[in-house]
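# Coordinate inspection notes
Chain by chain, the residues run as shown.
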Amino acid sequence: MHSKFNFSAGPAALPQPVLKRAQAELLDWNGQGTSVMEVSHRGKPFMAVAEKAERDLRDIMHIPDNYKVLFLQGGGRGQFFSVPMNLAQRGDLSQHLVSGQWSQIAVAEAEKYMSAEVVAKTQTRDNMLWVPNQEHWDINPEAAYFHYCPNETVDGIEINWVPKSQDVPIVADMSSNILSKAIDVSDYGIIYAGAQKNIGPSGLAVVIIRDDLLGFARKDTPAVFDYQQQVNNDSMYNTPPTFSWYLAGLVFEWLKEQGGVQAIEKINTQKAKLLYSCIDASDFYGNKIDPSNRSKMNVTFQLADSSLDSLFLEKAEEAGLVALKGHRFVGGMRASIYNAMPLEGVEALVSFMQEFERTNA
Ligand SMILES: *Cc1c(COP(=O)(O)O)cnc(C)c1O
C-alpha cells in the first residue's frame, strides 16, 4: 500500500514490489549470508545478476544483437561528455536539437570537445511551446553525430518522432522516458539514460550503442568512460555500481511481470490523458506545451493565480501527494508520472486538483 504518492522528477519513485524485495534480501542475499553490496562483482553470483539484468533489458526493448549494452557510472550528465569524447574520431562537428533544458546542457558539454551546432530549438507557436520537426531543418551528413532529448524532464516536452539521417548516428538522451513506451532501437546509434527516473538508483547510466560506433574515442578519453574499454570488460573495467545494477535488474523483472513496455505504455497513456484532461477542463489550471509535444512522463502545469502555488503544494502534501513543485527554472507545478506511478496516484492527484479548485476558485 502507498502511504504517499511521490511525484518527484528524479530520483523518482521506484516500484513498491521492487523495494520490498530489495528489503527482504538486504541482509541475506541469494543465500550468501551477506548483502549483494558486499560480494565481488566478478564472483559467479553477482555475474549472474549482471547478465540477467542485461538479458531482461534486451528482451524488454528488443535490442538487436549488433548493439552493446553498458552499465556505467556518472549518470545522465556523464554521457553529455562521454558521447563527444567517444565519437570524436568520426569528425569534429556534432549537431543538436535543443528542445529544453537538458538538450541545451548537452550542447555546452559537447562544445568542449568539438564544434557543436544547434539546428533547431523549441519555439512558441500559437502561444504554446512546440518542437520543430525535421521538415524545418536538416542534419549535416558530415556530422559525427546528432543529439537530441526525446523527453525534456524539466520542461515537460516530449518528442514523438525520431530524427532520421542516412549517415549520421542519432544519439538520444532517454533519461526520463526510457522503458515508458515501445521504441525501435535500430533508429538510434546510441541511447543513454541516467537511471533515477525509470530504471533504478541515481548514479548509474545505461548506454545502448551500435557496435560500428565503437573505436572512435579521443586518445585522452579516460578509460572508465571509454565505451570500447567498457565493452571489452563487460562494464567492469572499474568496479561497477553493483547495488544499482542489481536494483535495475529487479525493476526490469518487475516491468516484464507488468507485460513489458507495450503494457506499461497503455497505462502511461491513460495516466497522462487523465491528468491533461483535468488541466484542460478548467481555466484554473493551464499547460503551455503544444498538444503534440506534451510529455507523458513529466506533466507541467500552472495555476492561473500563482499566489495560490504555496497553498496548493501545502494542501497536496497534506493529502499525501508529494514533490509536485515545478523545477526552479520553470516554476508552477510538475507531476512526474513515470512507470512506477500507479494509475491510482494520478487519480488521487486529479481528485485533489478538482477539490482544490472548488474551494479556491
Ligand atoms: C535527470 C536527467 C539528466 C541528468 O542526469 P544526472 O544523473 O543527474 O546526471 C540528463 N538528462 C535528462 C533528460 C534527465 O532527465
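Calculation criteria
- Residues numbered from 1 in each chain as written.
- Predicted model: local features only at pLDDT ≥ 70, side-chain atom pairs only at ≥ 80, totals over all residues.
- Heavy atoms only, no water.
- Salt bridge = Lys/Arg side-chain N within 4 Å of Asp/Glu carboxyl O.
- Helix = DSSP H or I, 4+ residues; strand = E, 2+ residues; numbered from the N terminus.
- Buried < 20%, exposed > 50% of the residue type's maximum accessible area, 1.4 Å probe, protein only.
- Near = heavy atom within 4 Å.
- Polar contact = N/O pair within 3.5 Å; in protein donor to acceptor, adjacent residues only side chain to side chain.
- Areas by Shrake-Rupley, 256 points an atom, 1.4 Å probe, with all protein chains shown as cover.
- Nonpolar A, V, L, I, M, F, W, Y, C, P; charged D, E, K, R; others polar.
- UniProt positions renumbered as here; feature names shortened; annotations may be inferred.
- Core = buried A, V, L, I, M, F, W, Y, C linked by side-chain atoms within 4.5 Å.
- Domains from an automatic or database assignment.
- Contact = heavy atoms within 4.5 Å.
- Pairing = 2+ DSSP bridges.
- 1 Å grid on protein atoms, 1.4 Å probe; cavity = no way out; pocket = protein on both sides within 12 Å on 5 of 7 lines; lining within 4 Å.
- Points joined across faces, edges and corners; volume = space filled by probe spheres on them.
- Buried area = accessible area lost by both parts, 1.4 Å probe.

What follows covers the pattern of salt bridges. Counted by the stated rule, this structure contains 16 salt bridges. Put simply, Arg-125 and Asp-290 hold a salt bridge, and the shortest N to O gap is 3.3 Å. Of this pair, Arg-125 sits in strand S5 (residues 123-125) while Asp-290 sits in the loop between strand S13 (285-286) and strand S14 (298-303), and the two are 165 residues apart along the sequence. With a relative accessible area of 36%, Arg-125 lands in the partly exposed category. One salt bridge in this structure joins Lys-164 and Asp-187, with 3.9 Å as the shortest N-O distance. Residue Lys-164 is located in the loop between strand S9 (157-158) and strand S10 (170-173), and its partner Asp-187 is located in the loop between S10 and strand S11 (190-194); the two are separated by 23 residues in the primary sequence. Salt bridges sharing partners connect three or more residues here, namely Arg-21, Glu-25, Lys-52, Asp-56, Asp-59, Glu-253 and Lys-256.

In this section: the site of the ligand. Neighbouring residues of the ligand: 13 residues in total, closest Arg-77, Thr-153, Asp-173, Gln-196 and Lys-197. A distance of 3.0 Å separates an oxygen atom of the ligand from a polar backbone atom of Gly-76. Interatomic distance of 2.6 Å between a side-chain N/O atom of Asp-173 and a nitrogen atom of the ligand. Protein chains bury 87% of the 390 Å² of accessible surface belonging to the ligand in isolation. The dominant element in the shell around the ligand, judged by the number of residues it contributes, is helix H3 (residues 75-87), at four residues. Its residues assigned to classes, the shell around the ligand shows three nonpolar, seven polar and three charged.

Here we come to the UniProt feature "domain: Aminotransferase class V" (unreviewed entry) in the protein chain. Feature annotation in UniProt assigns "domain: Aminotransferase class V" (unreviewed entry) to the following positions: residues 5-349. The span residues 5-349 is 32% helical and 19% strand by assignment, and the distance between its end C-alpha atoms comes to 9 Å.

What follows concerns the nonpolar core. Counting 56 residues, the largest nonpolar core has Tyr-148, Leu-179, Ile-199, Ile-208, Tyr-246 and Phe-252 as the members making the most contacts within it. Tallying contributions element by element places helix H6 (residues 242-257) first for this core, with nine residues. No fewer than three residues from each of domain 1 (17-257) and domain 2 (260-360) sit in this core. Every residue in contact with Tyr-246, bar those within four places of it in the chain, is listed here: Arg-21, Ala-22, Glu-25, Trp-29, Val-36, Phe-46 and Val-49. Counting residues in hydrophobic clusters, the runner-up holds 28 residues, among them Leu-303, Leu-308, Val-346 and Phe-356.

Across the sheet, which stays open at both edges, the three strands sit in the order S13-S14-S16 with antiparallel pairing between neighbours. With one partner strand each, in any of the chains shown, S13 and strand S16 (333-336) form the two edges of the open sheet.

Moving on: empty space enclosed by the protein. Scanning the model with the defined rule gives five cavities of 30 Å³ or more in all. By volume, the largest cavity amounts to about 60 Å³. Contributing to the lining of the largest cavity are Ala-13, Leu-14, Pro-15, Leu-179, Lys-197, Asn-198, Ile-199, Val-251, Trp-254, Leu-255, Asn-339 and Ala-340. By residue class, the composition of the lining of the largest cavity is nine nonpolar, two polar and one charged. Counted as a void, the second largest cavity has a volume near 50 Å³. Along the walls of the second largest cavity sit Ile-60, Met-61, His-62, Leu-179, Lys-181, Ala-182, Ile-183 and Val-261, which together make up its complete lining. Considered class by class, the residues forming the lining of the second largest cavity number six nonpolar, one polar and one charged.

Take the domain arrangement of the protein chain next. One can read the domain layout of the protein chain as domain 1 (17-257) and domain 2 (260-360). A separation of 27 Å is found between the C-alpha centroids of domain 1 and domain 2. Each side of the interface is counted separately: domain 1 has 28 residues, and domain 2 has 26 residues. Here domain 1 meets domain 2 over a buried area of about 2300 Å², counting both sides, of which 51% is carbon and sulfur. Looking only at domain 1, the three residues that lose the most surface to domain 2 are Met-128, Val-154 and Glu-158, adding up to 22% of its buried area. Put simply, domain 1 and domain 2 have one salt bridge between them. Elements supplying a minimum of two residues to the side of domain 1 that touches domain 2: strand S6 (128-130), S9 and H6. Among the residues forming the side of domain 1 that touches domain 2, the class breakdown is 12 nonpolar, 10 polar and six charged.

For strand S12 (residues 204-210), the tally of buried residues reaches six of seven residues, placing the bulk of the element in the interior. Of the strand pairs in this sheet, strand S2 (residues 67-73) and S12 are connected by seven bridges, and their pairing is antiparallel. In the strand pairing of S12, Phe-71 is matched with Val-206. Looking at chain direction, S11 and S12 are connected through five bridges and run antiparallel. Looking across to S12, one finds that Tyr-192 is bridged to Val-207.

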